[in-house]
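Topology and contacts: notes
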Amino acid sequence: MKILKLEKGKLDLFASVVQQFGEVHAPTEHEGKFSFKRLNSWSEARLDYNRTVLPPRKYFLPPRETLFKYREATGYVPATEDLEKRVVLFGVHACDIHALNILDEVFGKGYLDPYYLTRRKNITIIGIDCTPDEHCFCRSMRADFAETGFDLFLKDIGDHYLTFVGTARGDDMVIATGPLFSEVTHSDIVEYKRRSSQKCDTFKLDLEIRDLPEIFELEYQADIWEELGEKCLSCGNCSMVCPTCYCYDVADEVKLGSHDGDRVRLWDSCLFATHALVAGGENFRKTRSSRIKFRFYHKQRGFVAEYGRPSCVGCGRCIEACPVGINIVGVINRLRGVEHASTD
Amino acid sequence: MKRKIVVDHLCRVEGHGGITVELDGDVVSDVQFQVFEGLRLVEGLVRGRRYEDVSQIVSRICAICSVAHALTSLKATEEASGIESSPQTVRLRDLMYRGENIESHALHLFFLAIPDYLDYAGAAEMAADHREAVALGLRLKQLGNAIQETIGGRAVHPVNAILGGFGKLPSFDQLISLQRRLRQGMVDCEAAVDLFTTLPSTEYCQIDTTYAAKRSPDPYGYYPGDEIVVRSNEGSEVYDPGDYRAVIREETVPYSHAKLSLHKDKPFMVGALARLAIDHDRLSSRARHAVRMLGLPLPSGNPMDNNKAQMVELVIDVEHALLTVEQLIDEGLQQEKPIAIHPRADTGTAVTEAPRGLLIHSYTYDSDGRVVAADVVTPTAMNAASMENHFRHAVEQSVEKDLPELKRKLEMIARAYDPCISCSVHLVRKRHAI
Amino acid sequence: MHQQTETTLHRSVVRENPYQPHMARIVRVYNMVADNYLFTLRFVDEQIAGTFTHRPGQFIMLSLPGTGEAPISISSSPSRPGVLELCVRRVGRVTNALYRCRTNDLVAIRGPYGNGFPMEELMGKNVLLVAGGLGIAPLRSLLWYAIDNRGRFENITVMYGARTPQDMLFRDELVSLVGRTDLTCLLTVDEDPGGDWKGHIGLLPQLFDYLAIRPERTCAAVCGPPVVYRFILKRLLDLGFTKDRILMSLERRMRCGVGKCGHCSVGYKYTCIHGPIFTYWDAINLPEMI
Amino acid sequence: MSRPNVGIFGLTGCAGDQLVILNCEDRFLHIIAALNIRDFAMASSDNDSACDLDLAIVEGAVLSRRDEEQLERIRARSRILVAIGTCAVWGGIAAMDGDTDRSQLVRDIYGECGEQFDTTPARALHEIVGVDLNISGCPIEEEEFLSGISNLLNGDLPIAPTTPVCAECKMREYNCLLTERVDMCLGPLTLGGCNARCPGLSIGCVGCRGPVDDANLESVTALFMENGFGREDIARKLRTFAGLRVVAHTLSEDES
Ligand SMILES: Cc1cc2nc3c(=O)[nH]c(=O)nc-3n(C[C@H](O)[C@H](O)[C@H](O)COP(=O)(O)OP(=O)(O)OC[C@H]3O[C@@H](n4cnc5c(N)ncnc54)[C@H](O)[C@@H]3O)c2cc1C
Ligand code: SF4
Ligand code: SF4
Ligand code: SF4
């Protein structure tokens, strides 16, 4: 892999060059919370953020998008308007890149989802290092380092960023900025390794994912699911903010006074009561406890069976977003029967 | 010979009401403006509620006046807890009133009143022949709604105005967009005045009328300040909001769910015509021009002139709103957080001008910040006696005495008042503190 | 992530879009029983009409423009190409809208989806089809496929139960099979209020009494409402069927049909891609499947 | 349905939902092109109060025998009846205090002549007649109303929203008031469709759209109590827009 380094002080210069590859979006702050937004000026970017409220998923699978337009004369015509927009996501954390790689498995295998894949190709990803906070457990989920799925990845080594070039487009960006980048030296490597092992020690949450599917099967009838069902509000916050939740609904919307309309897709959640409701009123997950169990089960067990790894990346968003404090790490550790000092 | 004129159900007004006039020969023996809107007893419902919940509940008294109810309630509660809103908050709240007034007057003039003058059953029917006029009205209405949405967060039942300020201030871009729309609004207002001058005249009821309105320190302010002025041909009197009971005496009548309000045993009128009668010496040159164009005598003794007064207010409000928005753009909005309220046992009373006239809210709180007593006096309730008075004179002054024609006139007078009937039934008698 | 030119990207959305419905014309509407119609459809695009094929047990996503989409089993056999037959019960938005359609109206279809019956597995064996109520819809495709390819199967047996004769779907067609010698067709109704039913009256499992089955040479395909599964599965196990020789067709809420939207997932499988045909072993292995 | 006959009616309420219809300015002319509005007292004086209607749109709660009779008349002449607004769907604010002594309240306010007034406790439309479609909101959302009408014109009942305000709040990346500011935000209990209007303004949802189907009242109450709010205040808050009145009533009873 091509690796260079970039002086931190020149980051704004680099960002201004990067604009030619697309609209630059980066984390911005709003009352202590962060979200990816289009930057009006580079000074709005907050690369020291902990996590954004919504993950980058919103760029690839928007909360609401039009799939087709239906016109009586032409039938269903695919909507392509926003697909070709070029965006540079500046400052994506490793866990979120992992999450995109997971979504690639879902939308890029079997039947290919052309909407997702087109966006994935038109959106450039520049990854950046982060410092874990009290909700992060990406290390446990093997998502604290990203090897693929980005165009460039910037790793902090003090005055510089080590820049890992992941794609040809990433390389084009490096070349377009020319002299801003320089060669990596031996002492940079030493510093990188020092910081890397230091980061490993900063995680406050820990859990073991080996044989988690087995544990889930064993504890399928455990009391904890009833307890969680009593507490859970079915508000869907955890799945809305999750970088790897992808359930969606599809609806046809018709225009007033005509038969023309749009077919839209909207985010959905397995926690909503209607998620598994079918005709005749049969609901396969009627109780709240069965729904919250399903969310954990699907992420930590079902996904492993299908794709070889859990679909959770340990970003901590669902822990932060849950109004009643349901904590995935706590739940898993309880299932395992281990107490961890920093989980509740 | 005894005769009876009955309007079962007034159309093109908000809420449910009717009119009955009894004639004995050519003399009116009885007039009743009946309100049969169901009783929601909102006053009783807020008792025991905490101070931060009150404005959202009382705003539901009426949708068309929801800004006025919500903000008057906030002002009274703030008064009771002894906090004073920042000048920016006052300015933004006044702007919300402008939005509401523009929307309400445009709705009233173009949907409810103009069809009367032009002999259509409603705006939908009118649209077939006068598409432009209806589009103009819709544009002005939309302008009013845009202001309410931008500042209040929603066009009906604003959610953004809270105790001590606002949840979120409008963004610069939103203000710029309002400015653009208001500039179009200025042009539209001129067109609307022109349209209005072409309407047939309505000279069929002329009597001396007593007016009451709030007088604000700034010319033509709906929200700031709180003096009540009562003006008749005997001169003007000024009252403090806390003394509103001295201005208004209420009587319950068996035929109506609204009480009748009298000032010194005489009916009085509130609303656009009253405001102009009281503030006519402080009008801008554009507004004075509109008054001249419309041939509006000030004060006027003809209730039908209330429509002209509303037209003049459209001019005033759009101009005023534009001025405010431009000032906000120039000076920039300060990111103020809402002032926190610490409840105390006290009474607060606030007076503002709703689109239909004076609106008074008064609350007594206990030391936990719970409502002990509430009192709301609405413009339509204040106007009820005055309307009956005008009905009586209109019938007596009419020469033809043809029943369908009289009925039409009565309806037109009622509509000229722009009664908001759901408001009228939410009067509260103040209870003694426990 | 390799680079791709814009034109090909665009093409993938326009030309290789798995969500793209294709217009189809209703060529026949047949009122079977109350609230159940049989629709015969033909794709408007002749090329699609000529090349569309499916496996018995697969389903399509049926769109009523402006109303929405719903998964519907293909009731016709691939051995009779050119048109598709759908047996639809009116229950909600899409099916109500379909119910209002008449001959020559346009609908839209994409598919076929799902795994369908494992034909390699079934060929050369006895085939036992057990259906209750609307469960006949997916099984009818298999039935006619087997009849049309009679030589490739051993004994063919179909057992079907409806509530009353008036509720019996494909009644004339099934009754006409009763007399045939190359297959066994057993029909029953729970009750016969009209009194004109000549066949068996009683619950579906009773039909097993008329049957000699060699489970080791037989595959069973079952489809029906939950109560059917409850009784039939037990009966089959008692007879000695192994769990992976019992096939069943399941219903779930579906929004995409292609393994993305998440609604039809059971345990770690998606009904739309791993199913809708599952073995009984899958069913006990996957929580909440039946 | 081609240009169906439509009636728009208000029982007892604030007229906010009818106002929202009139507020569809951009599309008002489309609406009157698509619908044959035969009876709409708030907007027209030429009303046919007897004709059969394809569609009746009714706002407001039932608060008097007069309302009740009118509603029954409307139902009898209409093929489809749509309840618009929280009052019509749930009873609205008037149903807030279902347990107070109404006649006493009326006497308090109107004195003796109040006794002959025609007044009954607030009821939602479905408590009296069959309702084909409920569109909640205080007031209704313009988009939801128009899409509801478009669907009906197309022959379908619109898809009812079932997700809570929270989901819409998160989709727009608003900061959570429950986890951040510890407000009494009713978002988790309230039916979405407003695009989380209030949380978007940093104000807790007051529940104006009524409850979601499976609102977890117990858990939310426990949470609010943990955050320092009193049971009585919580019960009152839940009861404001009346949707939660039955359960909120139970909550306050638990205490006594
Ligand atoms: C693989 C497969 C094959 C099938 N084959 C057939 C077949 O051959 N024939 C056939 O008739 N059916 C078949 N079905 C069933 C059919 O897909 C359903 O009946 C489908 O729901 C009908 O769609 P609809 O739009 O008419 O109903 P919907 O409008 O989706 O409503 C159906 C029911 O679902 C519930 N519901 C749906 N949406 C909501 C919501 N937003 N909120 C609350 N409740 C809701 C309600 O209870 C409603 O009564 C099959 C299903 C599957 C999965
Ligand atoms: S389940 Fe929670 S921690 Fe895991 S990826 Fe989703 S939001 Fe992040
Ligand atoms: S602010 Fe309210 S609506 Fe938004 S997520 Fe939090 S609890 Fe839910
Ligand atoms: S957030 Fe809550 S109170 Fe605000 S509009 Fe929506 S439902 Fe009503």
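Residues numbered from 1 in each chain as written. Chains lettered and ligands numbered in written order. Predicted model: local features only at pLDDT ≥ 70, side-chain atom pairs only at ≥ 80, totals over all residues. Heavy atoms only, no water.

1. Looking at the packing of helix 8 (residues 224-231) of chain A against helix 12 (residues 328-336) of chain A
Residues and elements named next belong to chain A. Counted only if it meets this: Axis angles are defined between N-to-C directions and span 0 to 180 degrees, where every axis is a line fitted to C-alpha atoms and, for a helix, only to the segment in contact. Runs of E in the DSSP output that reach at least two residues are strands. Runs of H or I that reach at least four are helices, and both are numbered from the N terminus. Under this scheme an angle from 65 to 115 degrees is roughly perpendicular, one under 35 degrees roughly parallel, and one over 145 degrees roughly antiparallel; angles in between are oblique. It is the rotation of the near helix from the far one that decides the hand of a crossing: anticlockwise by less than a right angle makes it left-handed, clockwise makes it right-handed. Here, two residues are considered to be in contact whenever any of their heavy atoms come within 4.5 Å of each other.
Running from N to C, helix 8 and helix 12 point in directions that differ by 160°, and their axes come no closer than 11 Å. As summarised for this structure, helix 8 and helix 12 are arranged roughly antiparallel, according to the angle between their axes. Of the two possible hands of crossing, helix 8 and helix 12 adopt the one that is right-handed. For the pair helix 8 and helix 12, contact is made by Ile224, Trp225, Glu227 and Leu228 and by Val331, Arg334 and Leu335, respectively.

2. Considerations on the interface of chain A and chain C
As a reminder of what qualifies: Two parts placed together each lose some accessible area; with a 1.4 Å probe, that loss summed over both constitutes the buried area. A pairing counts as a salt bridge when a side-chain nitrogen of Lys or Arg comes within 4 Å of a carboxyl oxygen of Asp or Glu. Think of a polar contact as two N or O atoms within 3.5 Å of one another; within protein, one of them needs to be a possible hydrogen donor and the other a possible acceptor, and neighboring residues in sequence only count if both atoms come from side chains.
Taken together, the contact between chain A and chain C spans 56 residues of the former and 50 residues of the latter. Summed over both sides, the interface between chain A and chain C buries roughly 4400 Å², with carbon and sulfur atoms accounting for 57% of that surface. Our count for the chain A to chain C interface comes out at two salt bridges. One salt bridge connects Asp249 of chain A with Arg255 of chain C, and the closest N-O pair in it is separated by 2.6 Å. Run the count over chain A and chain C and you get 20 residue pairs in polar contact (both at pLDDT 80 or more).

3. Regarding a negative patch on the surface
Which entries qualify depends on this criterion: Grouping into patches uses exposed residues only, defined as over 30% relative accessible area, and leaves out salt-bridged ones; the cut-off is 9 Å for like charges and 5 Å for nonpolar side chains (Val, Leu, Ile, Met, Phe, Trp, Tyr). To be clear on the numbers: accessible area is Shrake-Rupley with a 1.4 Å probe, and residue cover counts the displayed protein chains and nothing else. Counted charges follow a simple rule, with Lys and Arg positive, Asp and Glu negative, and His plus the chain ends left uncounted. To locate a charge, take NZ of a lysine, CZ of an arginine, CG of an aspartate or CD of a glutamate.
Taken together, Glu79, Glu84, Asp226, Glu227, Asp240 and Asp243 of chain B make up a surface patch of like negative charges. In this structure, Asp226 of chain B sits in the loop between strand 6 (211-215) and strand 7 (227-232).

4. A short note on the sheet that holds strand 7 (residues 126-132) of chain C
Residue and element names in this part refer to chain C. As a reminder, the rule being used: Strands pair, by our definition, only if DSSP identifies at least two bridges between them.
Strand order in the open sheet formed by seven strands is 10-9-8-7-11-12-15, with mixed pairing between adjacent strands. Each end of this open sheet is capped by a strand with a single partner; those strands are strand 10 (200-201) and strand 15 (277-279). Pairing of strand 11 (residues 218-223) with strand 12 (residues 246-249) involves three bridges; the strand directions are parallel. Each bridged residue has a counterpart across the sheet, and for Val222 the counterpart in strand 12 is Met248. Lying on the sheet, helix 6 (residues 171-178) is in contact with strand 8 (156-162) and strand 9 (184-189); it crosses strand 9 at an angle near 130°. Contacts between helix 7 (residues 226-239) and the sheet are confined to strand 7, strand 11 and strand 12, with strand 11 contributing the most and set at about 170° to the helix.

5. Some words on the domain arrangement of chain C
Residues and elements named next belong to chain C. This is how it is decided: An automatic or database domain assignment provides the domain bounds reported here. Three classes are used, and their members are as follows: Ala, Val, Leu, Ile, Met, Phe, Trp, Tyr, Cys and Pro are nonpolar, Asp, Glu, Lys and Arg are charged, and the others, Gly among them, are polar.
For chain C, the assigned domains are domain 1 (6-112) and domain 2 (119-249). Taking only C-alpha atoms into account, the centre of domain 1 sits 26 Å from that of domain 2. In this complex, domain 1 contributes 20 residues to the contact, which on the side of domain 2 involves 18 residues. At the boundary of domain 1 with domain 2, total buried surface from both sides reaches about 1500 Å², with 57% on carbon and sulfur atoms. Three residues stand out in domain 1 for area buried against domain 2, namely Val33, Pro56 and Ser75, and they jointly supply 30% of the buried area on that side. Joining domain 1 to domain 2, the criterion identifies three salt bridges. With a closest N to O distance of 2.8 Å, Glu85 and Arg140 form a salt bridge. Between domain 1 and domain 2 we count nine residue pairs in polar contact (both at pLDDT 80 or more) in total. Looking at the side of domain 1 that touches domain 2 residue by residue, the classes come out as eight nonpolar, eight polar and four charged.

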